[in-house]
Amino acid sequence: MIQHPKGTKARVLLTSVFGPYAQDDQFGSRAINPMELYHNQVTRAQGSFSLRMFHRSWGIMMIQENISAPCTVLDFPTREKFEQELTSQHYDIVGISSIIVNVGKVREMCRIARRLAPHAIIVVGGHVAAVPALDRLIDADYIVKGDGISWMRRYLGEDEHAPINHPKIVSGFDLRVMGVKIPNILSDTAATIIPSVGCPMGCNFCTTSAFFGGKGKCLNFYESGKELFDVMCEMESSLHAHSFFVMDENFLLQRDRAMQLLECMKNENKSWTFYVFSSANAIRKYTIEELVQIGVSWVWMGLESPHASYSKLKGTDTVKLAHTLRSHGIKLLGSTIVGLEHHTPANIRQEIEYAVSHETDFHQFMLYTPVPGTPLYKEVEEEGRLLKDVDLADIHGQYKFNFQHAAISRDDSKKFLDWAFWRDFERNGPSLYRICKTTLDGWMRYKNYPDLRVRERFQREAESLKGAYAATLWAMEKRFKETNENLSEQMHSLRHDIEHEFGLFTKLVSSFVGPVLLWTSKREEKRLAAGKTYEPPTIIERRHWVEA
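Residues numbered from 1 in each chain as written. Predicted model: local features only at pLDDT ≥ 70, side-chain atom pairs only at ≥ 80, totals over all residues. Heavy atoms only, no water.

S.K.: Describe in detail a nonpolar patch on the surface, supporting the description with residues and values.
M.R.: A cluster of nonpolar residues, Leu504, Leu508, Phe512 and Val513, forms a patch on the protein surface that exposes about 420 Å² of accessible area. Turning to its location among the elements, Leu504 is positioned in helix H20 (residues 504-529). Owing to a relative accessible area of 62%, Leu504 belongs among the exposed residues under this scheme. (Patch = residues over 30% accessible without salt bridge, like charges linked within 9 Å, V, L, I, M, F, W, Y side chains within 5 Å. Areas by Shrake-Rupley, 256 points an atom, 1.4 Å probe, with all protein chains shown as cover. Salt bridge = Lys/Arg side-chain N within 4 Å of Asp/Glu carboxyl O. Helix = DSSP H or I, 4+ residues; strand = E, 2+ residues; numbered from the N terminus. Buried < 20%, exposed > 50% of the residue type's maximum accessible area, 1.4 Å probe, protein only.)

Right under this line is the structure:
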């Protein structure tokens, strides 16, 4: 591989694609596909009760932290901010990171970079690198597939095998619920930890698994629990974090690492909270006591279908598992694929009902989608079932099929997807209500637990029940009284239990703050109906810049 002639003295710009992100535009943005993970894929049918927040572009932050060259991260720029950065600073390398749907914006940013910084080397990475013949669609010098840290280190003449430095990442920001923007308080927000990338389970539709090696492979940034523990201690010190969003496709699959982490936590008396991704078969490697001891408070788990052939589900009664986890205070985000090969108009509603019956705290529904780079894409392409006239900007699993399904039409795929979100909301209510119930169940079970570490964590989580959650329940109860009396009664009962448990203060918060949230939620519904969307602010971060 040819190295850049300036080596570590080369000035590097790493940028995400320009906005807007929640509006239809000529470069591929779609209102249906905003830059909000939860509202986009999980709580999208929940109106003003939907969780609205943004997450940083973690990949370019990881690269910046692990090179010694002067480097700027430009996150969520406008087109004008991108142009301004190129003209106000001299850059030798312009790195653009993107997902597949934003390929049109990558093409335009390459054009802008060529015009405004003709001397710069243009590098494109991220999942967009999986687009077939991308080199003929965009004007870039290098297209990077897979690990961008090691690639950039090699290009700058650095040691690609050097230990990974973890950037200080706050998991989410600008949280908005029921029309109220929640202040960004570091100590109340989880820090993001990225132990590994890729997933060895290798489901045929999984883009991240395919991007980092496929079935049987993953890339570990941290091999041991001790290494993870040290990183988390740094995050605790710098960000005042007590909770960690672990961005690992299947964190619990590596049991030895997780148990080493627990041992370190016990030795240092750390009472931490973890939000993790895990497959059902990985969860089954642990007892409930071990999960609670580790501090697992939230799990994102695949629930593809009872008739799917994926090994991660074999031998698991997922409905029973979901109930068990929630009864121990572990919030669950279930993920279900709509439009699998065996789905038909005759059976798909029954399968959606089965998914909804898990009563998860959150539920993601995604269309079965052959995404470039995945085994599924190759298989469908070889069978001649890819639809040729579908824009890459619409291949994201939240709109319509991009392939010819044996039994379900492209238009009907959207109808079934929309119905799945609606049915989950109708039966189980807002996710805000569900997590209140799970949090209370955990508190009641573990408030007198003999291990002080565990008890401290549940006490910390229960703080939200005493105030904000109780008021939220009051407002939701009133909102649902006219549309879903059964859910309204359940909310009333839960609120009564919370007020009984935590006393007069909580009851007063419900009575005084609840009406305010009722008003703000109604106002938010009107704003959303009028087309209101949310966009993240532009963020600029420079590292080693004085040396430049």
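S.K.: Give a detailed account of the sheet that holds strand E16 (residues 362-367), specifying residues and quantitative values.
M.R.: Across the sheet, 6 strands lie side by side as E9-E12-E13-E14-E15-E16; this open sheet has parallel pairing. Looking along the sheet, the strands with just one partner apiece sit at the ends: strand E9 (191-193) and E16. Across the sheet, the axes of successive neighbouring strands diverge by a mean angle of 15°, strand direction being ignored. Against the sheet, helix H8 (residues 225-239) contacts E9, strand E12 (243-246) and strand E13 (273-277), and its axis sits at roughly 160° relative to E9. (Pairing = 2+ DSSP bridges. Axes fitted to C-alpha atoms, helices over the stretch in contact; angles between N-to-C directions. Contact = heavy atoms within 4.5 Å.)

S.K.: Run through the environment of Thr324, naming residues and quoting values.
M.R.: Along the chain, Thr324 turns up in helix H12 (residues 318-327). Its relative accessible area of 25% is what places Thr324 among the partly exposed residues. Linking Thr324 and Phe18, residues 306 residues apart in sequence, is a C-alpha distance of 43 Å.

S.K.: Can you tell me about empty space enclosed by the protein, naming the residues and giving the values?
M.R.: Under the counting rule described, the total for this entry stands at 2 cavities of 30 Å³ or more. If you add up the space inside the second largest cavity, you get close to 30 Å³. (1 Å grid on protein atoms, 1.4 Å probe; cavity = no way out; pocket = protein on both sides within 12 Å on 5 of 7 lines; lining within 4 Å. Points joined across faces, edges and corners; volume = space filled by probe spheres on them.)

S.K.: How would you explain helix H16 (residues 431-446) if you had to name every residue and give the values?
M.R.: Taking 1.5 Å of rise per residue, the 16 residues of H16 would be expected to cover 22 Å, and the 22 Å separating its terminal C-alpha atoms lies within 8% of that figure. Within H16, 12 of the 16 residues are buried, leaving the element largely enclosed by the surrounding structure. Of the positions making up H16, those classed as buried are Ser431, Leu432, Tyr433, Arg434, Ile435, Cys436, Thr438, Thr439, Leu440, Gly442, Trp443 and Tyr446. (Expected span 1.5 Å × (residues − 1).)

S.K.: Please provide a residue-by-residue account of the sheet that holds strand E6 (residues 142-143), values included.
M.R.: A sheet is described by the order of its strands in space; here 6 strands give the open sequence E6-E5-E4-E1-E3-E17, paired in mixed fashion. This sheet does not close on itself; its edge strands, each paired only once, are E6 and strand E17 (539-543). In this sheet, E6 lies alongside strand E5 (residues 121-125) in parallel orientation, the contact comprising 2 bridges. Counterpart to Val123 in the pairing with E6 is Tyr142.

S.K.: Account for the nonpolar core, naming residues and giving values.
M.R.: Ranked by size, the top nonpolar core spans 113 residues in total, and within it Met152, Phe244, Phe274 and Leu291 carry the most contacts. Tallying contributions element by element places helix H18 (residues 468-480) first for this core, with 8 residues. Each residue touching Phe244, except ones within four places of it in the same chain, is listed here: Ala190, Ala191, Ile193, Met232, Met235, Trp272, Thr273, Phe274 and Tyr275. Listed in part, the 36 residues of the second largest apolar core include Ala113, Ala117, Val131 and Trp545. (Core = buried A, V, L, I, M, F, W, Y, C linked by side-chain atoms within 4.5 Å.)

S.K.: Tell me about the pairing of E16, and please be specific about residues and values.
M.R.: With 6 of its 6 residues buried, E16 lies for the most part within the structure. Burial of the side chains of E16 extends over both faces: Phe362, Gln364 and Met366 are buried on one face and His363, Phe365 and Leu367 on the other. As defined by bridge partners, strand E15 (residues 331-338) adjoins E16 across 6 bridges and the pair is classed as parallel. When the bridges of E16 are listed, Val338 appears paired with Leu367. Crossover E15 to E16 through helix H13 (residues 348-356) is right-handed. (Right-handed = clockwise from strand over helix to strand, strands pointing away.)

S.K.: So, helix H9 (residues 255-267): which residues are in play, and what are the values?
M.R.: Taking 1.5 Å per residue as the helical rise, H9 with its 13 residues ought to reach 18 Å, and the 18 Å between its terminal C-alpha atoms agrees with that figure. Every buried residue belonging to H9 is among Arg257, Ala258, Leu261, Leu262, Cys264 and Met265, and all of these are buried. One face of H9 carries all of its buried residues, which in axial projection span an arc of 160°. Facing away from the buried side of H9, by more than 90 degrees, are the exposed residues Asp256 and Asn267. Where H9 is buried, its residues touch strand E10 (196-197), strand E11 (219-220), H8, E13, helix H11 (288-294) and helix H17 (452-466). Just downstream of H9, Asn269 is the residue with a positive phi angle, here 60°. (Arc of directions from axis to C-beta.)

S.K.: Please give an account of the pattern of salt bridges that cites residues and values.
M.R.: Using the criterion set out here, one finds 41 salt bridges in the structure. In this structure, the salt-bridge partner of Glu108 is Arg111, at a minimum N-O distance of 3.3 Å. Of this pair, Glu108 and Arg111 are both found in helix H4 (residues 103-116), 3 residues apart, which corresponds to roughly one turn of the helix. For Glu108, a relative accessible area of 9% translates into the label buried. Put simply, Asp418 and Lys414 hold a salt bridge, and the shortest N to O gap is 2.6 Å.

S.K.: Explain the pairing of E15 residue by residue, including any values.
M.R.: Along any regular strand the residues' side chains alternate between the sheet's two faces. Counting buried positions over the 8 residues of E15 gives 8, a clear majority of the element. Burial along E15 is two-sided: Lys331, Leu333, Ser335 and Ile337 and Leu332, Gly334, Thr336 and Val338, pointing in opposite directions, are all buried. Bridge count for strand E14 (residues 296-302) against E15 is 5 bridges, and the pairing is parallel. Each bridged residue has a counterpart across the sheet, and for Gly302 the counterpart in E15 is Ser335.

S.K.: Requested: an account of the state of the cysteines, with residues and values cited.
M.R.: Under the definition given, this model contains 0 disulfides. Here Cys110 is not cross-linked by a disulfide; its sulfur's nearest cysteine counterpart is in Cys71, at 17 Å. By relative accessible area, which is 0% here, Cys110 ends up buried. With no disulfide partner, Cys199 has as its closest neighbouring cysteine sulfur the one in Cys206, 6.1 Å distant. (Disulfide = S-S within 2.5 Å.)

S.K.: Explain unusual backbone geometry to me, and be specific about the residues and the numbers.
M.R.: A cis amide bond links Gly19 to the next residue, Pro20, at an omega of 5°. Inspection of the secondary structure assignment puts Pro20 in the loop between strand E1 (12-16) and helix H1 (37-41). Of note, the phi angle at Ala133 is positive, near 55°, even though the residue is not glycine. Note that Ala133 resides in the loop between E5 and helix H5 (134-137). You can call Ala133 partly exposed: its relative accessible area is 32%. At His544, a residue that is not glycine, the phi angle is positive and equals roughly 60°.

Any link to function would need more than the numbers given here.
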